[in-house]
Amino acid sequence: MSPTLPGSSGPGLAELGFARYHRQDVLSAIDGFRTDSPDTASLFDEIRRSFADLPADPYDEAANRFRQYGSAVLLPWERSLTWLPADPGPGTGRASEYYQGDHNPEYAGMRRHFGDIATHVRENPLLRKIILFDADRTLWLKHFGNVPLRVGVHFIKLSVDNPGDVAVPSPDVLHQDGEPFTFVHLISRDNVTGGVNVIAPPRCAGLRPEEVSRGLLQAEFTLEDPLDSFAIHDPRVSHYVSPVRRGDRPRRGERDVVLVDFTPYVTQI
């Protein structure tokens, strides 16, 4: 097992079913955004600041997990992205429905609703370009370039205030998501330990990494810098991220990520 995944210049998503992209890979591939541009920094900071207001996951408020979700439709041949309207949520505000079938064993068969991503964040040009960066890396799969794609966008924060706190992802096992592709982009990682990503074969889904033979694990790595990212082709791998604990500094610890998934709309004749 290699401790790092291949970058965009080596074997990647089509060859292995997973790939890692560093910040420079992402920004250099985005037209009109220089890595050292003040405009890029300002747009990224707008995305980062939005994590301060994420609501607690309503399905497990003790997990120290906070999240919002929105969905959109992408026409790859036009590179047009249209956000779908949210509905009135079960509580206050507006929410978007998220359904994984039986892929998340903690919420099998459940239709969950998460607070909607704020309009000004949806309209952030850098977020749109990141989504298009991801979409471009799915088009090698047959039909992905000529059908509308449903895009799911998750903002997820793991936050720990005290030394003994633990923030737990969901599910807390190796798993598959049910969407053909998922991309994970680190927004911020500060004063935390853990948050280690693991990639393994699909047959390992439902197990914790320590329950899997080390020879089966395909990669293990930690996203460290803003916009460090990775992608998975869901049918070919399972994946995991470990819980987060507070680091040594006397302040809150946080790990913030944006997840983007893609599923083609299917027309039945």
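Further up the page is the structure itself.
Residues numbered from 1 in each chain as written. Predicted model: local features only at pLDDT ≥ 70, side-chain atom pairs only at ≥ 80, totals over all residues. Heavy atoms only, no water.

1. Details of the pattern of salt bridges
- Counted by the stated rule, this structure contains 14 salt bridges.
- Across the pair Asp-161 and Arg-252 runs a salt bridge whose closest N-O atoms are separated by 2.5 Å. On the criterion of sequence distance, the pair formed by Asp-161 in the loop between strand 7 (149-160) and strand 8 (166-167) and Arg-252 in the loop between strand 15 (244-246) and strand 16 (253-264) is long-range, its members being 91 residues apart.
- Look at Arg-252 and you get partly exposed, because its relative accessible area is 44%.
- The partner of Arg-208 in a salt bridge is Asp-172, with the nearest N and O atoms 2.8 Å apart. With Arg-208 in the loop between strand 11 (196-200) and strand 12 (219-222) and Asp-172 in the loop between strand 8 and strand 9 (181-190), this residue pair connects regions lying 36 residues apart in the sequence.
- Overlapping salt bridges bring together Asp-45, Arg-48 and Arg-49 as one network. (Salt bridge = Lys/Arg side-chain N within 4 Å of Asp/Glu carboxyl O. Helix = DSSP H or I, 4+ residues; strand = E, 2+ residues; numbered from the N terminus. Buried < 20%, exposed > 50% of the residue type's maximum accessible area, 1.4 Å probe, protein only.)

2. Looking at the packing of aromatic side chains
- With the rule as written, the count across this model stands at 7 aromatic pairs.
- Between the aromatic rings of Phe-51 and Phe-155, the centroid separation amounts to 5.1 Å while the plane-to-plane angle is 10°, which identifies the pairing as stacked. Of this pair, Phe-51 sits in the loop between helix 3 (38-50) and strand 2 (65-75) while Phe-155 sits in strand 7, and the two are 104 residues apart along the sequence. Phe-155 matches Phe-51 in its accessibility class, with the two residues each being buried.
- Look at Phe-144 and Phe-181: their rings are 5.2 Å apart centre to centre, the planes differ by 85°, and that puts the pair in the edge-to-face class. Taken together, the residues Phe-144 in the loop between helix 5 (125-136) and strand 7 and Phe-181 in strand 9 connect sequence positions 37 residues apart.
- An aromatic cluster is present here, built from Trp-140, Phe-144 and Phe-181 joined pairwise through their rings. (Phe/Tyr/Trp six-rings, centres within 6.5 Å; stacked < 30°, edge-to-face > 60°.)

3. Overview of empty space enclosed by the protein
- Enumeration according to the criterion identifies 2 cavities of 30 Å³ or more in this entry.
- In this model, the largest cavity occupies a volume close to 390 Å³.
- Forming the boundary of the largest cavity are 26 residues, of which Ile-156, Ser-170, His-175, His-239 and Leu-259 lie nearest the centre.
- Among the secondary structure elements, those contributing two or more residues to the lining of the largest cavity are strand 2, strand 7, strand 9, strand 14 (238-241) and strand 16.
- Broken down by element, the residue count for the lining of the largest cavity peaks at 4 residues, all from strand 16.
- Along the lines of polarity and charge, the residues of the lining of the largest cavity split into 11 nonpolar, 8 polar and 7 charged.
- A volume near 30 Å³ is recorded for the second largest cavity.
- If you trace the second largest cavity, you find it lined by Leu-74, Pro-76, Arg-79, Leu-132, Ala-135, Asp-136 and Leu-139.
- It is helix 5 that contributes the most residues to the lining of the second largest cavity, 3 residues altogether.
- Tallied by class, the residues present in the lining of the second largest cavity amount to 5 nonpolar, no polar and 2 charged. (1 Å grid on protein atoms, 1.4 Å probe; cavity = no way out; pocket = protein on both sides within 12 Å on 5 of 7 lines; lining within 4 Å. Points joined across faces, edges and corners; volume = space filled by probe spheres on them. Nonpolar A, V, L, I, M, F, W, Y, C, P; charged D, E, K, R; others polar.)

4. Quick notes on helix 5
- With 12 residues, helix 5 should cover 16 Å at 1.5 Å per step; its first-to-last C-alpha distance of 16 Å lies within 8% of that length.
- Among all positions of helix 5, only Leu-126, Leu-127, Ile-130, Ile-131, Leu-132, Phe-133, Asp-134 and Ala-135 are buried.
- Its side-chain oxygen 2.8 Å from the backbone nitrogen of Leu-126, Asn-124 forms the N-cap of helix 5. (Expected span 1.5 Å × (residues − 1). Polar contact = N/O pair within 3.5 Å; in protein donor to acceptor, adjacent residues only side chain to side chain.)

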